Amino acid sequence: MKSLTVLELSKLYNINRQTIYNNIKKGILSKNSDNKIDLAEAIRVFGEPSKKLDVKESVKIDSPNSAEVLLLRQQIDMLKNQLDDAKERESFYQNQIETMQRLLEAPKPKIQDPSELELPQSAPIVEMKEEVIVVPAKDDGLTTPENKRIPVPEHVEPEPKKRGFLSRFF
């Protein structure tokens, strides 16, 4: 009679290989000396196989169109997944944009001007302002009159004499 390997037997009866090994271990199914299982022994344990005895079945394609249809369906599924991913990315980025816009529109805390800050009385405030002084140009025909900027200090207070440690302490 015909002898089958465990893999061939599992394909023939469409059962797991581990089931066959468990039956061999329990003594329900026996192997030959060449570690193959006799077909008659398999029929005794599992019954008549529903498939043909030829384990090597050829893959049948009904028509060339069925392969194309299968391929196109796979591509459609892949494109659907990509579209879902793109929609998720778009919503994430849209949320990021809205968050950034809210942060930009948030009220800014009032920042005091440096002139408004309280300084110790010993340090006078000196501001430099630029005034435009028009210098009359010599009319030699070669140059044009220009406005020159000369910085003019507005108010200068003399620094008070520094006080010693004890005079500041008391």
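Note that the coordinates shown come from a computational prediction; the quantities given were computed from them, not determined experimentally. (Residues numbered from 1 in each chain as written. Predicted model: local features only at pLDDT ≥ 70, side-chain atom pairs only at ≥ 80, totals over all residues. Heavy atoms only, no water.)

Things to note about the overall build of the chain
For the record, the criterion: Here a strand is any run of E in DSSP of at least two residues, a helix any run of H or I of at least four, and the numbering for each starts at the N terminus. Classification of residues uses two cut-offs on accessible area relative to the type maximum, computed with a 1.4 Å probe and protein chains only: under 20% is buried, over 50% is exposed, and between them is partly exposed. Contacts were defined at the residue level, with two residues in contact if any of their heavy atoms lie within 4.5 Å. Reported accessibility uses the Shrake-Rupley method at a 1.4 Å probe radius. Residues are deemed covered only where the shown protein chains occlude them.
Along the backbone of the chain there are five helices and four strands. Ordering the α and β elements of the chain from the N terminus gives β-α-α-β-α-α-β-β-α. For the chain, buried positions account for 9% of its 170 residues. Partitioning the intrachain contacts of the chain with sequence separation of at least 6 by distance along the chain shows that 47% fall at a separation of at least 24. Just so you have it, the chain exposes about 15,800 Å², and 54% of that area is on carbon and sulfur atoms.

Let's talk about the pattern of salt bridges
Using the following cut-off: For this analysis, a salt bridge means a side-chain nitrogen from Lys or Arg found within 4 Å of a carboxyl oxygen belonging to Asp or Glu.
Scanning all chains against the criterion turns up one salt bridge. The closest approach of N and O atoms between Glu41 and Arg44, which form a salt bridge, is 2.5 Å. Here the residue Glu41 and the residue Arg44 both occupy positions in helix 3 (residues 39-46), the gap between them amounting to three residues, near one helical turn. What makes Glu41 buried here is its relative accessible area of 17%. We classify Arg44 as exposed; its relative accessible area is 54%.

Comments concerning the packing of aromatic side chains
Note the cut-off: For this analysis, a ring pair means two rings from Phe, Tyr or Trp (six-membered ring only for Trp) whose centres lie within 6.5 Å, classed as stacked if their planes differ by under 30 degrees, edge-to-face if by over 60, and tilted for the remaining angles.
Scanning all chains against the criterion turns up two aromatic pairs. Residues Tyr13 and Phe46 carry aromatic rings whose centres are separated by 5.3 Å and whose planes lie at 45° to one another, so their mutual orientation is tilted. In this pair, Tyr13 is assigned in helix 1 (residues 6-13) and Phe46 in helix 3, connecting sequence segments 33 residues apart. The class for Phe46 is partly exposed, based on a relative accessible area of 24%.

Things to note about the UniProt feature "coiled-coil region" (unreviewed entry) in the chain
As a reminder of what qualifies: UniProt positions are given in the numbering used here, feature names are shortened, and annotations may be inferred rather than shown by experiment.
Residues annotated by UniProt as "coiled-coil region" (unreviewed entry) correspond here to residues 69-103. Counting secondary structure, residues 69-103 comes out at 100% helix and 0% strand; the distance between its end C-alpha atoms is 51 Å.

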